[in-house]
Amino acid sequence: MSRDQILESRRWKISYSYDCVCDPRCYWAKGGRHSQTTFLNKGEQELGAEAAAEITARAFKHANVADVEIWQESDEERATRLKWMRKTEADERRGIHWNMGGAN
Ligand SMILES: [Zn+2]
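Residues numbered from 1 in each chain as written. Predicted model: local features only at pLDDT ≥ 70, side-chain atom pairs only at ≥ 80, totals over all residues. Heavy atoms only, no water.

Caption draft 1: Just the coordination of the zinc ion, in detail. Surrounding the zinc ion are the protein donor atoms C20 (SG), C22 (SG), C26 (SG) and H34 (NE2), which sit 2.0 to 2.4 Å from the metal. The site at the zinc ion holds four donor atoms, and with the angles between them running 103 to 126 degrees, its shape is tetrahedral. In primary-sequence terms, the residues that donate to the zinc ion follow C-x1-C-x3-C-x7-H. Of the two residues, C20 sits in the loop between β1 (12-19) and β2 (33-39) while H34 sits in strand β2, which places them 14 residues apart along the sequence. For the pair C20 and H34, a shared accessibility class is recorded, and that class is buried. (Donors = N, O, S within 2.8 Å, 3.2 Å for Na, K, Ca; no water. Tetrahedral: all angles 85-135°; square planar, octahedral: opposite > 155°, others 65-115°. Helix = DSSP H or I, 4+ residues; strand = E, 2+ residues; numbered from the N terminus. Buried < 20%, exposed > 50% of the residue type's maximum accessible area, 1.4 Å probe, protein only.)

Written as structure tokens, this is what we have:
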């Protein structure tokens, strides 16, 4: 699978809560907890929510993970994500183009 094929498939997402260990503690963290929503790497959803959360939390150094949910993004979410991604890429290309134009 190419990078584009992975990006264009409907990706799996994960959300969970974890202990705030910031110093000083974040005053807005309800019950001393933060929450995180992010994408899973390919295939991690097949391990199940708990195992996937463990891998993700380790990567982010998050402790005492709870309220784990995983789900696959909808076609709509996928479309929004791709639209945003393509816009960012187009902006970057335009940025490079402008720089080159300025050098002429
Ligand atoms: Zn915090």
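The structure having been displayed, the exposition proceeds.
Caption draft 2: View of the pattern of salt bridges. Evaluated as defined, the whole model comprises eight salt bridges. Across the pair E77 and K13 runs a salt bridge, and its minimum N-O distance is 3.8 Å. Of this pair, E77 sits in helix α3 (residues 75-103) while K13 sits in strand β1, placing them 64 residues apart in sequence. In this structure K13 comes out as buried when scored by relative accessible area, which is 16%. One salt-bridge network, in which partners are shared between bridges, spans K87, D91 and R94. (Salt bridge = Lys/Arg side-chain N within 4 Å of Asp/Glu carboxyl O.)

Caption draft 3: Focus on the domain arrangement of the protein. Splitting the protein by domain gives domain 1 (12-72) and domain 2 (74-104). Each of domain 1 and domain 2 has a C-alpha centre, and the two are 29 Å apart. (Domains from an automatic or database assignment.)

Caption draft 4: Seen up close, the sheet that holds β2. The strand order β2-β1-β3 describes an open sheet built from three strands, whose pairing is antiparallel. On the outer flanks of this sheet lie β2 and β3 (66-72), each paired with one strand and no other. Taken pair by pair, the neighbouring strands of this sheet meet at an average axis angle of 15 degrees, ignoring direction. The pairing of β1 with β3 spans five bridges and is antiparallel. Paired with W12 across the bridge in β3 is Q72. Of the strands in this sheet, β1, β2 and β3 are in contact with helix α2 (residues 49-60), which crosses β1 at around 65 degrees. (Pairing = 2+ DSSP bridges. Axes fitted to C-alpha atoms, helices over the stretch in contact; angles between N-to-C directions. Contact = heavy atoms within 4.5 Å.)

Caption draft 5: Summary view of unusual backbone geometry. Following D23, the chain continues to P24 via a peptide bond in cis, the omega torsion being 0 degrees. Assignment of secondary structure puts P24 in the loop between β1 and β2. At K61, a position not held by glycine, the phi torsion is positive, near 60 degrees. Its place among the elements puts K61 in the loop between α2 and β3.

Caption draft 6: Highlighting the environment of R81. Examined against the element boundaries, R81 turns out to sit in helix α3. A relative accessible area of 12% places R81 in the buried class. Discounting residues that sit within four places of it in the chain, R81 has contacts with L7, S9, R11, F39 and E73.

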